[in-house]
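The residues making up each chain are set out below.
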Protein chains: 2
Amino acid sequence: MSRFLVDYLKSLEEYVPGEQINKKVIKLNTNESPFPPSPKIIDTLKNFNYQTLRLYPSPTLEELKKVISINYNVNENMIYIGNGSDEVLAFIFMAYFQNHKVLFPNITYGFYKVYANLYKANYKEIPLNNLEINFNDYNQEGHIIFPNPNAPTGVSISKKSIEELIKNNPNKLIVIDEAYQDFDTESVVALTMKYSNLIVVKTTSKSRGLAGLRLGYAIANNELIKDLEKVKFSFHPYNINQLAIPITITSFLDKDYFKDTTNKIVEIREWFKKELNKRDFELTDSKANFVFVKSKKLNAEDIYLKLKDRNILVRYFNKKEINNYLRITIGSKSDMEILLKNLDEIGA
Amino acid sequence: MSRFLVDYLKSLEEYVPGEQINKKVIKLNTNESPFPPSPKIIDTLKNFNYQTLRLYPSPTLEELKKVISINYNVNENMIYIGNGSDEVLAFIFMAYFQNHKVLFPNITYGFYKVYANLYKANYKEIPLNNLEINFNDYNQEGHIIFPNPNAPTGVSISKKSIEELIKNNPNKLIVIDEAYQDFDTESVVALTMKYSNLIVVKTTSKSRGLAGLRLGYAIANNELIKDLEKVKFSFHPYNINQLAIPITITSFLDKDYFKDTTNKIVEIREWFKKELNKRDFELTDSKANFVFVKSKKLNAEDIYLKLKDRNILVRYFNKKEINNYLRITIGSKSDMEILLKNLDEIGA
């Protein structure tokens, strides 16, 4: 740390992403898809003229916004596109929560707390109730942000309940992070056409197998989108790589592949949950591309370390409330079979 | 603008990038290179396995940092990589200038003022002296940032003078934005090995013909780099697109192409300056890939609009101090010949 860093940042605790290891491992720790993105991207890359890289990308990204808006059946001016949904979330914290009150679950995506500190939000972490979000606990001042399904628990909330929350709190901004929604949770995107206090954040990193592309987006009414565009044009107008545009478009147009791969992940997840239930594990009813599990026999850190020794990475959180749980990404069926075999061998 | 946007952002004036027009124009308004990036990138794209897009990019970017550090003959831990140099600059303002004093020229890259407002810096715009930066005017409290060569004037400062400034101000952070340095300005990168109060910011957008890639970087001592990494890990750890990594590496390894294309741009610039001098233009001694010119016959806005009618875009700044000047990007020789012909025709 240099002597020039502004004071409050000196003590800021940054986000710790899941390990990225170079050697060959079974990687079930960062919720990437086991499937590659649409194979039609091979042609997109083949047809990409490298010479266009000399030009700045469109700062307004109309073409991509159009494709995304058609996919979700919302207006074109209701889409904001960011360099990964992390950037979208960072801009939301900057635009709305900076020096303001915001509420989020105490067990949730770890980055919310980091952003809250980065933007000096007056935040409050609301304890989960039996690993579930209870909206009664949010009857207090403060905007609200949470993922649906929540991470790392995987527990999801119905569209109807969320609509109640939005309706009952017209003066609070409600941000729903749908990073993991495509794996069988009801989306609330359609509600953005109806409510002016809702932002839905989405990503291509999980269900579209495009974590390497860095492309996330927000859907909300145009007034909110204009705020986010204002922040973007005050930060970096050209935030999206030229290549990411046609690749994302190809992904959205290949609807069959998207349905097929997300369905397969849901299938593997449900099978894997049954397998864990046959063994001595407690688990939430995850609707995400991961499960959140606790062994009745071995503690989570032990399992994490033993699996790591065997070249299998899962996510362990060194956090009091959940340090008995592991978050395990749904990989390919064969990866999950190898994992089960190893869990049996280590006596988990 | 929504009712939720935090107050001070409501009045923030965002950056206005040069127009991006879809129809076929001669585009001399955003300082892109007239040359495509290294043609070796064709193979890089051919060899890129689209399946790896399912994985997050490395958050630490070691491989790319190594190539860049070798190129500049500095240590590997002295490189920070961002999503365009705009992101690097935004993080520098967040890390060091937030609520602190910072000085920059009144005529310079327009984004500094936007960042200063975004991060509530206590900034002061120091008037240029005859379109040149005079370090005597910076003998006052405040960190210092400026581009070398300056934009949009193109005027550059010697390494020796900048070293004096750094030496004489050990308690100020000095940020030198070398976006346009590769066109015949002395770099101060080597000084980062010697001084702990210097950050040099660079980009692949101009001299490497990779504006569409969004890749910028900072070079500084490791303590400063660690600050920027801390901000990045509090904002978005995976800030670089998977494809941008091998493409940038290819660009850095193709040293001949880089030298050849930057030399050509310098050659065209010097020829174009002579042509303008033959006519009724005043111009600075630009060392960038653009010129900064004033016609003795027509006012700048008229020229800008007349050229636009003729499908030639140049940059006009609606700012009191420089609204008699145009910034014209150095395009291909034939583009510049067409421009000269049109300037003659409109009587500029």
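Residues numbered from 1 in each chain as written. Chains lettered and ligands numbered in written order. Predicted model: local features only at pLDDT ≥ 70, side-chain atom pairs only at ≥ 80, totals over all residues. Heavy atoms only, no water.

(A) Seen up close, the packing of helix H4 (residues 85–97) of chain B against helix H5 (residues 111–118) of chain B. All names here are of chain B. Look at H4 against H5: their axes get within 9 Å of each other, and the N-to-C directions meet at 40 degrees. Relative to H5, the element H4 is oriented oblique. The handedness of the crossing between H4 and H5 comes out as right-handed. Residues Asp86, Leu89, Ala90 and Phe93 of H4 touch H5, and the partners they reach there are Phe111, Tyr112, Tyr115 and Ala116. Classifying every residue of the contact of H4 with H5 gives seven nonpolar, no polar and one charged. (Axes fitted to C-alpha atoms, helices over the stretch in contact; angles between N-to-C directions. Helix = DSSP H or I, 4+ residues; strand = E, 2+ residues; numbered from the N terminus. Parallel < 35°, antiparallel > 145°, perpendicular 65-115°, else oblique. Left-handed = near helix turned anticlockwise from the far one by under 90°. Contact = heavy atoms within 4.5 Å. Nonpolar A, V, L, I, M, F, W, Y, C, P; charged D, E, K, R; others polar.)

(B) Spatial organisation of the side chain of arginine 214 of chain A. One can find arginine 214 of chain A in the loop between strand E7 (198–203) and strand E8 (216–220). One polar contact links arginine 214 of chain A to serine 205 of chain A, side chain to side chain, over a distance of 3.3 Å. Here arginine 214 of chain A is in contact with Gly82, Asn83, Gly84, Asp86 and Ser205 of chain A together with Tyr56, Pro57, Tyr238, Ile240 and Asn241 of chain B, once residues within four sequence places are set aside. (Polar contact = N/O pair within 3.5 Å; in protein donor to acceptor, adjacent residues only side chain to side chain.)

(C) Here's a closer look at the sheet that holds strand E12 (residues 326–329) of chain B. Residue and element names in this part refer to chain B. Strand order in this open sheet of five strands is E1-E11-E12-E10-E9, and the pairing throughout is mixed. A strand with exactly one partner marks an edge of an open sheet, and here the two such strands are strand E1 (26–28) and strand E9 (281–283). Between one strand axis and the next, the sheet turns by 35 degrees as a mean value, whatever way the strands run. The pairing of E1 with strand E11 (residues 312–316) spans three bridges and is parallel. By the bridge assignment, lysine 27 is partnered in E11 with leucine 313. Where helix H10 (residues 300–309) meets the sheet, it contacts strand E10 (290–295), E11 and E12, and its direction lies at approximately 155 degrees from that of E11. Across the sheet, helix H11 (residues 333–346) is in contact with E1, E9, E11 and E12; its angle to E1 comes to roughly 90 degrees. (Pairing = 2+ DSSP bridges.)

(D) Structural view of helix H8 (residues 244–253) of chain B. Residue and element names in this part refer to chain B. The buried fraction of H8 is high, at eight of 10 residues. Along H8, the positions that sit buried rather than exposed are Ala244, Ile245, Ile247, Thr248, Ile249, Thr250, Ser251 and Phe252. Tucked inside the fold, the buried residues of H8 contact helix H2 (41–47), helix H3 (62–72), strand E8 (216–220) and helix H9 (255–278). (Buried < 20%, exposed > 50% of the residue type's maximum accessible area, 1.4 Å probe, protein only.)

(E) Looking closely at the interface of chain A and chain B. Listed per partner, the contact involves 88 residues of chain A and 88 residues of chain B. Here chain A meets chain B over a buried area of about 7100 Å², counting both sides, of which 60% is carbon and sulfur. The interface formed by chain A and chain B holds two salt bridges in total. The shortest N-O distance in the salt bridge between glutamate 14 of chain B and lysine 230 of chain A comes to 3.2 Å. (Buried area = accessible area lost by both parts, 1.4 Å probe. Salt bridge = Lys/Arg side-chain N within 4 Å of Asp/Glu carboxyl O.)

(F) Layout of the relation of the copies chain A and chain B. Each copy of the sequence occupies a distinct position, and chain A is placed on chain B by a rotation of 180 degrees and an axial shift of 0.0 Å, giving an RMSD of 0.0 Å. Taken together, the rotation angle and the small translation identify this as a two-fold axis. Both copies present the same face, since 100% of the interface residues in chain A are matched by interface residues at the equivalent positions in chain B. (Least-squares fit on C-alpha atoms with pLDDT ≥ 70 in both.)

(G) Summary view of the pairing of E12 of chain B. Residue and element names in this part refer to chain B. The alternating pattern of E12 places Leu326 and Ile328 on one face and Arg327 and Thr329 on the opposite face, and all of these are buried. Sheet topology note: the E10/E12 ladder contains four bridges and is antiparallel. If you follow valine 293 over to E12, its bridge partner there is leucine 326. As paired elements, E11 and E12 share two bridges and run antiparallel to each other. Paired with tyrosine 316 across the bridge in E12 is leucine 326.

(H) Up close: the packing of H10 of chain B against H11 of chain B. All names here are of chain B. Between H10 and H11, the least distance of the axes is 11 Å, while the angle of their chain directions is 120 degrees. The chirality of how H10 crosses H11 is right-handed. In this structure, H10 uses Ile303, Lys306 and Leu307 to contact H11, whose residues at the interface are Leu339, Asn342, Leu343 and Ile346. Taken together, the residues that form the contact of H10 with H11 break down as five nonpolar, one polar and one charged.

(I) How the structure looks around the confidence of the model for chain A. Taken residue by residue, chain A gives an average pLDDT of 96. The fraction at 70 or more is 100%. As a predicted assembly, this complex carries a pTM of 0.96 together with an ipTM value of 0.95. (pLDDT = per-residue confidence, 0-100.)

(J) Just the nonpolar core, in detail. Judged by nonpolar contacts, the single largest core of 104 residues is most densely connected at Leu45, Ile81 and Phe146 of chain A together with Leu45, Ile81 and Phe146 of chain B. Apart from the residues within four sequence positions on either side, phenylalanine 146 of chain A is in contact with Pro105, Tyr112, Ile133, Phe135, Ile157, Ile162, Leu165, Val175, Ile176 and Asp177 of chain A. In this structure, Leu12 and Val88 of chain A together with Phe104 and Ala121 of chain B belong to the second largest nonpolar core, which totals 80 residues. (Core = buried A, V, L, I, M, F, W, Y, C linked by side-chain atoms within 4.5 Å.)

(K) Seen up close, the pattern of salt bridges. All names here are of chain B. Under the definition given, this model contains 45 salt bridges over all chains. A salt bridge links lysine 101 to glutamate 141, with the nearest nitrogen and oxygen atoms 3.5 Å apart. Of this pair, lysine 101 sits in strand E3 (residues 101–105) while glutamate 141 sits in the loop between strand E4 (122–126) and strand E5 (143–147), and the two are 40 residues apart along the sequence. Looking at lysine 101, the relative accessible area reads 36%, which means it is partly exposed. Residue class for glutamate 141 comes out exposed when judged on its relative accessible area of 58%. Put simply, lysine 194 and glutamate 163 hold a salt bridge, and the shortest N to O gap is 2.7 Å. Of the two residues, lysine 194 sits in the loop between strand E6 (174–177) and strand E7 (198–203) while glutamate 163 sits in helix H6 (residues 159–168), which places them 31 residues apart along the sequence. Classification of lysine 194 by relative accessible area gives exposed; the value is 57%.

(L) Spotlight on the sheet that holds strand E1 (residues 26–28) of chain A. Residue and element names in this part refer to chain A. The strand order across the open sheet built from five strands is E1-E11-E12-E10-E9, with neighbouring strands paired in mixed fashion. A single partner strand is all that each edge strand has here, and the edge strands are E1 and strand E9 (281–283). If you compare each strand with its neighbour and ignore which way they point, the axes differ by 35 degrees on average. Together, E9, strand E10 (290–295) and strand E12 (326–329) form the strand contacts of helix H9 (residues 255–278), whose direction differs from that of E10 by roughly 5 degrees.

(M) Spatial organisation of the packing of aromatic side chains. Throughout the structure, instances matching the rule amount to 47 aromatic pairs over all chains. Between tyrosine 72 of chain A and phenylalanine 252 of chain A, the aromatic rings sit 6.3 Å apart at their centres with planes inclined by 70 degrees, giving edge-to-face as the arrangement. Separated by 180 residues along the polypeptide, tyrosine 72 of chain A in helix H3 (residues 62–72) and phenylalanine 252 of chain A in helix H8 (residues 244–253) bring together distant segments of the chain. With relative accessibility at 15%, the residue tyrosine 72 of chain A sits in the buried group. For phenylalanine 252 of chain A, a relative accessible area of 2% gives the class buried. Ring geometry for tyrosine 180 of chain A versus phenylalanine 290 of chain A: centroids 4.9 Å apart, planes at 90 degrees, classification edge-to-face. In this pair, tyrosine 180 of chain A sits in the loop between strand E6 (174–177) and E7 while phenylalanine 290 of chain A sits in strand E10, placing the two residues 110 residues apart along the sequence. When its relative accessible area of 9% is taken as the criterion, tyrosine 180 of chain A is described as buried. Three or more aromatic residues link up through ring pairs in this structure, and these residues are Tyr15, Phe93, Phe97, Phe104, Tyr109, Phe111, Tyr112, Tyr115 and Tyr123 of chain A. The residue whose ring lies beneath lysine 333 of chain A is tryptophan 271 of chain A, and the NZ or CZ to ring-centre distance is 4.5 Å. Directly above the ring of phenylalanine 258 of chain B sits arginine 208 of chain B, whose terminal nitrogen or CZ lies 4.0 Å from the centroid. (Phe/Tyr/Trp six-rings, centres within 6.5 Å; stacked < 30°, edge-to-face > 60°. Lys NZ or Arg CZ within 6 Å of the ring centre and 35° of its normal.)

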